Structures are given as structure tokens and as C-alpha cells.
Amino acid sequence: IITVINSSSDNQAATTGDTLIKVDNNVTTVLVSTFFTDTDPAYSDPESDPLDSIRIDSISRANTGQYLYLGVAVTAGQVISKASLDGGDFTHIGTFDSDISTDSLEFSLRDSGSLIWVS
């Protein structure tokens, strides 16, 4: 006997917000997964699925610091897994200038259940 049950309860995408990190100049910051889930509004998933990965959507050309993945400058479209984030593979190196500056990038993320990218 084979029984097929059709379900309308497909796994839904997570939601997330923006994050702001303040650091001093000439400081290396390890960007772990909580930087992408402790957002405003906070990361939320209807099924409580954890973060799977982030995707770099764009990087500001006005940045004076650097975002690096495994020591190499990140590029738009690059995907970084939660395990790699928590392993310390994604970093930001602040500018060496004494000026106040803002470095920014846009990212999307996906949860481990739906695997749908959201920003």
C-alpha cells in the first residue's frame, strides 16, 4: 500500500532586517552568523529553521575598509555558509585612516528548511 498525503504546509522563508556594527579604525572584525540574525527586525522563521547561509548581493564602492572571505575580497553573488561564518572565515578590516567612515554591503539569507533567499 502506498499512501500519498498532499500537504499545503510548505516550508516558508525566513525574514530578517538590517544590522549596524560600530568598530574602531584598523580593527579586524569577524562577522559571525549572529551579525546576520540579530537584526532589526530580528531573523525569524515560521518553522524555526536555523540560518543556512548568506549571499553577498552588493558591496558599496564608497567603502574604505575591506570585507574578506578566507582572506580574499568578497564579491557580489558570493555565498557563505553559516558554518563558515561561525568558523571565522568572513571578516571586515576597518580603514587605516583616522576619519570616520561607513562601510556597507547588502546581503540576503536563507534558512535551512525553505532555502529561499530573502533580504
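You'll find the structure just up there.
Because the structure is a prediction, the values reported are computed rather than measured.

Peer 1: Explain the sheet that holds strand S5 (residues 79–81) here, please?
Peer 2: Note on sheets: strands pair through backbone hydrogen bonds, and any given pair is parallel or antiparallel. Within the open sheet, the three strands sit side by side as S5-S2-S7. Their pairing is antiparallel. Unpaired on one side and paired on the other, S5 and strand S7 (105–111) mark the two borders of the sheet. Here the average twist between neighbouring strands, direction ignored, is 25°. Direction of pairing for strand S2 (residues 51–59) relative to S7: antiparallel, over a ladder of seven bridges. The residue bridging isoleucine 59 from the neighbouring strand is leucine 105, located in S7.

Peer 1: Please explain the sheet that holds strand S1 (residues 28–30) as it appears in this structure.
Peer 2: With antiparallel pairing, four strands are arranged side by side in an open sheet as S1-S6-S3-S4. Every other strand in the sheet has two partners, leaving S1 and strand S4 (72–73) as the edge strands with one partner each. Here S1 runs beside strand S6 (residues 90–93); their pairing, made up of three bridges, is antiparallel. When the bridges of S6 are listed, threonine 28 appears paired with isoleucine 93.

Peer 1: Please explain a nonpolar patch on the surface as it appears in this structure.
Peer 2: The grouping of Ile21, Val23 and Val27 at the surface amounts to a nonpolar patch, some 180 Å² of accessible area in total. Within the element layout of this structure, isoleucine 21 appears in the segment before S1. Assessed through its relative accessible area of 34%, isoleucine 21 is described here as partly exposed.

Peer 1: Where do I start with unusual backbone geometry in this structure?
Peer 2: Across the chain, the bulk of peptide bonds are trans and the bulk of non-glycine residues have phi less than zero. In this model, aspartate 40 is joined to proline 41 through a cis peptide bond whose omega is 0°. Examined against the element boundaries, proline 41 turns out to sit in the loop between helix H1 (34–37) and S2. The phi angle at asparagine 26 is positive, at roughly 60°, despite the residue not being glycine. As for its position among the elements, asparagine 26 is in the segment before S1. Under the relative-accessibility criterion, asparagine 26 is labelled partly exposed at 47%. Of note in the backbone geometry, leucine 70 takes a positive phi value of approximately 55° without being a glycine. With respect to the secondary-structure elements, leucine 70 resides in the loop between strand S3 (66–69) and S4. Residue classification places leucine 70 among the exposed residues on the basis of a relative accessible area of 57%.

Peer 1: Would you explain the packing of aromatic side chains in this entry?
Peer 2: In this description, an aromatic ring pair is defined by two values, namely the gap between the centres and the angle between the planes. This model, assessed by the stated rule, comprises three aromatic pairs. Ring geometry for phenylalanine 36 versus phenylalanine 90: centroids 6.2 Å apart, planes at 20°, classification stacked. One end of the pair, phenylalanine 36, is in helix H1; the other, phenylalanine 90, is in strand S6, with 54 residues separating them in the sequence. Grouping residues by exposure puts phenylalanine 36 and phenylalanine 90 together as buried.

Reading the values: rules and limits
Residues numbered from 1 in each chain as written. Predicted model: local features only at pLDDT ≥ 70, side-chain atom pairs only at ≥ 80, totals over all residues. Heavy atoms only, no water. Pairing = 2+ DSSP bridges. Helix = DSSP H or I, 4+ residues; strand = E, 2+ residues; numbered from the N terminus. Axes fitted to C-alpha atoms, helices over the stretch in contact; angles between N-to-C directions. Patch = residues over 30% accessible without salt bridge, like charges linked within 9 Å, V, L, I, M, F, W, Y side chains within 5 Å. Areas by Shrake-Rupley, 256 points an atom, 1.4 Å probe, with all protein chains shown as cover. Salt bridge = Lys/Arg side-chain N within 4 Å of Asp/Glu carboxyl O. Buried < 20%, exposed > 50% of the residue type's maximum accessible area, 1.4 Å probe, protein only. Phe/Tyr/Trp six-rings, centres within 6.5 Å; stacked < 30°, edge-to-face > 60°.

Shape is all these values report; function is a separate question.
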